[in-house]
Amino acid sequence: MQSKNLNFKCRLCNSININTIIILKGFPRAAQNFISNLNMLNKDEPVTLSVCQCQDCGLIQLRNRPVSYYKNVITAAGLTSAAKKDLKQEWLPIINKYNLTGKKAIEIGSGRGEFLEIMKSLEIDIIGLENSKRNIDLIEKKKLNVIKNDLITFTKENEKKYSLVVCNNFLEHQPNIKQYIASLNSLLNKDGILYISVPNAEYFINKSVFVYELITDHLVYFTEKTLIKALELNGLEVISSIKKNKDNDLVVIAKLAKKVNIDNSINNVDQIIKSLIKKVNKYDDVIIWGAGHRSITLMAMAKLDKIKYVVDSAKFKQNKFTPIIHKKIISPVDFCRTKCDLLIIMLPSNWSDQVVSFLKEHKITCKYLVFEDNILIN
Ligand SMILES: [Zn+2]
């Protein structure tokens, strides 16, 4: 069923192409909506969940509003000693692999600081970012470093960078996934590592129990594919992706995606232009064959004012003028009637062979050069 509500946009890619999967009535208003006493039952209004999926990026999500406390981390029981041991075992190889000992790290949504405690014991210079006053007090009692803020405000207000950014099962609570991941991204230093864990929606879908996994606290439900896509759409490159806690959770480790580097191309094209100018300057009547986009760009970059004409077999280009250097484009027939000392053939792939055949066929004896990508072939 196609949604009629055009106001709702995908929480990740902003698309309005959203398919409703199911509408479910009578759900608990929030995971933390416990009723203090039975005289307050009027506070227990059920909600209707609108479960949908973005047609463009595939993200499964709820149209519902976030719960009132979505900026705070609410965790139930603390970690057992076995869970702490498991976490240490998970993190030791990560710390070694990415050389994180002694490096600056931040955990987004630190709850009561249990993860901070473990990372500190593993010699990581970690600080927490937590929005709940109650949690902050608990963290500070443990003499751990913590900043009171939410991620979006924090990244708007300062430009601190970290070697490690961790977000443990908190991303799925956020109403604007794109903005949230962009903020996580902005915390990474050049070689920084981002570690994100979320509940694994596929696990619950495959077990045919996805319906009771749904709760308004979790506004998005990632699969491995959509989590990777979410990071890639936000300038990150996923280095590894694993499942943990008996496949209940997904983990991805990512880094900043490399920007395309065209420095070589800039230097190379500069050399090409120089050699082209040198050749053109050696002759009186120079004609270029080819008014394709690369050829007209190169002529413009090299400012080849000295050339006489440009030849092109496309009728719609003939008798018009090239941009920037304003040289008349003539037909192959007109070319045969024109004096030419040097012909430079600038055509893609094997089109230049056809021009060479044309020259032979018409017994044209001028000197010609074939321009192939980066060299002039005699
Ligand atoms: Zn989307």
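Keep in mind that this is a model prediction, so the values were computed, not measured.

Caption draft 1: Geometry of the overall build of the protein. From N to C terminus, the protein includes 12 helices and 17 strands. Here the C-alpha radius of gyration of the protein, 32 Å, is well above what a compact globule of 378 residues would show, namely 21 Å. Classification of the 378 residues of the protein by burial places 31% in the buried group. Of the contacts made within the protein by residues no fewer than 6 positions apart, 61% connect residues no fewer than 24 positions apart.

Caption draft 2: View of helix α2 (residues 114-121). Taken as a whole, α2 has its buried residues at Glu114, Phe115, Leu116 and Met119. Looking at the packing, one finds that the buried side of α2 touches β4 (104-108), β5 (125-130), α3 (133-141) and β7 (162-168). Glutamate 123, located one to two residues past α2, shows a positive phi value of around 65 degrees.

Caption draft 3: Main features of the environment of leucine 12. With respect to the helices and strands, the residue leucine 12 is situated in the segment before β1 (18-27). Here the alpha-carbon distance between leucine 12 and cysteine 57, two residues 45 residues apart in the chain, equals 7.8 Å. Once residues within four sequence positions are removed from consideration, leucine 12 is found in contact with Cys54, Cys57, Leu59, Ile177, Lys178, Ala230 and Leu233.

Caption draft 4: Fine view of the domain arrangement of the protein. Under the domain assignment used here, the protein contains domain 1 (81-256) and domain 2 (263-377). Placing the centre of domain 1 and that of domain 2 at their C-alpha centroids yields a distance of 57 Å.

Caption draft 5: Spotlight on the pairing of β1. Burial of β1 is sparse: only 1 of the 10 residues sit out of reach of the surface. As defined by bridge partners, β1 adjoins strand β2 (residues 47-54) across 7 bridges and the pair is classed as antiparallel. When the sheet's bridge partners are listed, threonine 20 is paired in β2 with cysteine 52.

Caption draft 6: Representation of helix α8 (residues 224-232) in the model. The complete set of buried residues in α8 reads Thr226, Leu227, Ala230 and Leu231. All buried residues of α8 lie within an arc of 140 degrees about the axis, which places them on one face of the element.

Caption draft 7: View of the sheet that holds β2. The antiparallel open sheet is built from 4 strands, whose spatial order is β1-β2-β3-β9. At either end of the open sheet lies a strand with only one pairing partner, and these are β1 and β9 (220-221).

Caption draft 8: Inspection of unusual backbone geometry at higher detail. Notably, lysine 246 is not glycine yet its phi reads approximately 55 degrees, a positive angle. Assignment of secondary structure puts lysine 246 in the loop between β10 (236-244) and β11 (249-256). For lysine 246, a count of 8 C-beta atoms within 10 Å gives the class exposed. A positive phi angle, close to 65 degrees, is found at isoleucine 324, a residue other than glycine.

Thresholds, definitions, all that
Residues numbered from 1 in each chain as written. Predicted model: local features only at pLDDT ≥ 70, side-chain atom pairs only at ≥ 80, totals over all residues. Helix = DSSP H or I, 4+ residues; strand = E, 2+ residues; numbered from the N terminus. Rg over C-alpha atoms; globule rule 2.2 N^0.38 Å. Buried ≥ 20, exposed ≤ 12 C-beta atoms within 10 Å, placed from the backbone. Contact = placed C-beta atoms within 7 Å. Domains from an automatic or database assignment. Pairing = 2+ DSSP bridges. Arc of directions from axis to C-beta.

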